[in-house]
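# Inside the fold
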Amino acid sequence: MCHFTQRSSALSFPKIYNVFWRFHHTSTSHLCSCSKTVSDEKYQDPFQLGRKDLKNLYEDIKKELLVSAAELKEMCDYYFDGKGKAFRPMIVVLMARACNIHHNNSKEVQASQRSVAIIAEMIHTASLVHDDVIDDANSRRGKRTLNQIWGERKAVLAGDFILSAASVALARIGNTTIISVLTQVIEDLVRGEFLQLGSKENENERFAHYLEKTFKKTASLIANSCKAVSILGCPDPKVHEIAYQYGKNVGIAFQLIDDVLDFTSCADRLGKPTAADLKLGLATGPVLFACRQFPEMNAMIMRRFSKPGDVERAWKYVLQSDGVQQTTYLAQRYCHAATREIRKLRPSPEREALVHLTEMVLMRDK
């Protein structure tokens, strides 16, 4: 059992968020209260609803990765072992059905829409392989990383190969708009990684920098994949924006909770070492919030926790502050924004499953 300390705080919601709301020009300025979202409609299990469309997902991915070299095949198959949650593909197929029903009451997922789900999972996995090399990570999803088993050079090449196979599958869809939307994801992933390598001295700029990085590295894939299937299923630009905004807000919330779990979850549940971000010199949401109560953390942030004892002290400050609670609160705000967007579509079991998914994002513990 993992434990973490909590301290109540009378701090109001930080003004630094205004920077982000203006930065992304979204309509999330008037948000609901931060109490847990509860769907008024009949409960819909996202994983149960998406199961039919995700059947044989990993087998189909492996077909895209056909390769004669035995070692490369083994590396590509390593993460596509069918044990993943398929979180991103599930969102994509549910969004596809919700948009199709909204447009013409069609309850089937088009082959091209399912291809987007496959491509999204391939791009995501390729980014994980590359991230593990950059971070020199030892474990991922409870197992050793590719770079630890086969070495950095081969891991980079495996990630490149998965990405190239995803690009071939994307081209096969034959829609230039979809190609443009999904290649934006790849650009954002690279830009997000560069943002992560930098840091800002000014507090407001620092938080905006962190949230922009979060969008590009995590949320862009979900947002643009949702937008892609909406384009394939419905001609209405308003629906495309709804799908994009839902994916963006859920994606940012997902990463915020991931950053919280780095401080609150056991390593064996998380599938990777805790305090990993601090050890990499990264100041995530809980750290940035804690810095408001413990200004002495500013120097540690700027030197990326590189001095002996920095990681331990920063960890202590975060758990003594309200950093975890405030980051969770921010994730709740994003989930409320996602819910508000998706409810603009016609009622459907898939729409309600996407609403419930926001609750699952907030409650997850790994």
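Residues numbered from 1 in each chain as written. Predicted model: local features only at pLDDT ≥ 70, side-chain atom pairs only at ≥ 80, totals over all residues. Heavy atoms only, no water.

### Here's the deal with the side chain of Gln-245
The following threshold applies: A helix here means a DSSP run of H or I that spans at least four residues, while a strand means a run of E at least two residues long, and both kinds are numbered starting from the N terminus. N or O atoms closer than or at 3.5 Å make up a polar contact, with two conditions inside protein: a donor-capable atom paired with an acceptor-capable one, and, for residues adjacent in sequence, both atoms drawn from side chains.
Tracing the chain through its elements places Gln-245 in helix α11 (residues 237–264). Side-chain polar atoms of Gln-245 contact the side chain of Glu-241, separated by 2.8 Å.

### Quick word on the packing of aromatic side chains
We apply this condition: Two aromatic rings, drawn from Phe, Tyr or Trp (for Trp, its six-membered ring), form a pair once their centres lie within 6.5 Å of each other, and the interplanar angle then sorts them: stacked below 30 degrees, edge-to-face above 60, tilted otherwise. Categorising residues by exposure relies on relative accessible area from a 1.4 Å probe, with only protein chains included: less than 20% of the type maximum marks a residue as buried, more than 50% marks it as exposed, and the intermediate range marks it as partly exposed. Whether a charge sits over a ring comes down to the Lys NZ or Arg CZ being within 6 Å of the ring centre and within 35 degrees of the ring normal.
Enumeration according to the criterion identifies 8 aromatic pairs in this entry. Between Tyr-78 and Trp-150, the ring centres sit 5.7 Å apart and the planes meet at 85°, which makes this aromatic pair edge-to-face. Of the two residues, Tyr-78 is situated in helix α4 (residues 70–79) and Trp-150 in helix α7 (residues 146–150); the sequence distance between them amounts to 72 residues. When its relative accessible area of 18% is taken as the criterion, Tyr-78 is described as buried. We classify Trp-150 as buried; its relative accessible area is 16%. Positioned above the aromatic ring of Phe-254 is the side chain of Arg-88, whose terminal nitrogen or guanidinium carbon lies 5.4 Å from the ring centre. One residue, Lys-227, lies across the ring of Tyr-244, its end atom 5.8 Å from the ring centre.

### Structural notes on the pattern of salt bridges
For clarity, the cut-off: Any carboxyl oxygen of Asp or Glu within 4 Å of a side-chain nitrogen of Lys or Arg constitutes a salt bridge here.
If you walk through the whole model with that rule in mind, you get 18 salt bridges. The partner of Arg-140 in a salt bridge is Asp-132, with the nearest N and O atoms 2.7 Å apart. For the residue pair Arg-140 and Asp-132, the accessibility class agrees, reading buried in each case. With a closest N to O distance of 2.7 Å, Asp-310 and Arg-313 form a salt bridge. One end of the pair, Asp-310, and the other, Arg-313, are both in helix α16 (residues 310–320), 3 residues apart, so they sit about a helical turn from each other. On the basis of relative accessible area, Arg-313 is assigned to the partly exposed category, the value being 37%.

### A word on helix α18 (residues 349–363)
The condition that has to hold: A helix is expected to span 1.5 Å multiplied by its residue count minus one. Any pair of residues with heavy atoms lying within 4.5 Å of one another is described as a contacting pair.
Between its terminal C-alpha atoms α18 stretches 21 Å, which fits the 21 Å expected from 15 residues at 1.5 Å a residue. Here α18 lies mainly inside the structure; 12 of its 15 residues are buried. Within the span of α18, buried status applies to Glu-350, Arg-351, Glu-352, Ala-353, Leu-354, Val-355, His-356, Leu-357, Thr-358, Glu-359, Val-361 and Leu-362. Those residues of α18 that are buried lie in contact with α2 (46–54), α5 (87–104), α11 and α17 (323–342).

### Notes on empty space enclosed by the protein
Which parts of space are left empty comes out when a probe the size of a water molecule is rolled across the atoms. For clarity, the threshold we go by: As defined here, a cavity is a set of points on a 1 Å grid over the protein atoms alone where a 1.4 Å probe fits but cannot get out. A pocket is an open set with protein on both sides within 12 Å along at least five of seven lines, and residues line them when an atom is within 4 Å of a point. Grid points are joined across faces, edges and corners, and a volume is the space filled by probe spheres set on the points. We call Asp, Glu, Lys and Arg charged. Ala, Val, Leu, Ile, Met, Phe, Trp, Tyr, Cys and Pro are nonpolar, and the rest, Gly among them, are polar.
This structure, assessed with the given rule, holds 1 cavity of 30 Å³ or more. The space that makes up the largest cavity amounts to roughly 180 Å³. Gln-196, Gly-198, His-209, Leu-282 and Ala-283 are the residues nearest the centre of the largest cavity, which is lined by 14 residues in total. When residues of the lining of the largest cavity are traced back to their parent elements, those giving at least two are α9 (176–197) and α10 (203–233). Examining the composition of the lining of the largest cavity, we find that 4 residues originate from one element, α10, more than from any other. Looking at the lining of the largest cavity residue by residue, the classes come out as 5 nonpolar, 5 polar and 4 charged.

### Overview of helix α3 (residues 57–64)
So the rule is basically this: It is the directions from the helix axis to the C-beta atoms that the arc portrays.
Buried residues of α3: Leu-57, Tyr-58, Asp-60 and Ile-61, and no others. Angular distribution of buried residues about the axis of α3 spans 155°; they occupy a single face of the element. Where α3 is buried, its residues touch α2, α5 and α6 (111–135).

### Regarding the side chain of Asp-277
Along the polypeptide, Asp-277 turns up in helix α13 (residues 276–279). Beyond its immediate sequence surroundings of up to four residues, Asp-277 is in contact with Asp-259, Asp-262, Leu-282 and Thr-284.

### Things to note about the environment of Tyr-246
With respect to the element layout, Tyr-246 can be found in helix α11. In the structure, Tyr-246 is positioned 94 residues away from Arg-340 in sequence and 8.4 Å away in space, judged by C-alpha atoms. The contact partners of Tyr-246, leaving out residues within four places of it in the chain, are Ile-91, Met-95, Ala-338, Glu-341, Ile-342, Leu-354, Leu-357 and Thr-358.

### Concerning the confidence of the model for the protein
Heads up, the condition is: pLDDT is a per-residue confidence score from the predictor, ranging from 0 to 100.
Within the protein, residue pLDDT values average 86, and 86% of them lie at 70 or more. Model confidence for the protein, summarised as mean pLDDT per element, is weakest for helix α1 (residues 16–24) at 41 and strongest for α17 at 98. Note that pLDDT drops below 50 for residues 1–41; the model gives that stretch 83 contacts with residues more than four away or on any other chain.

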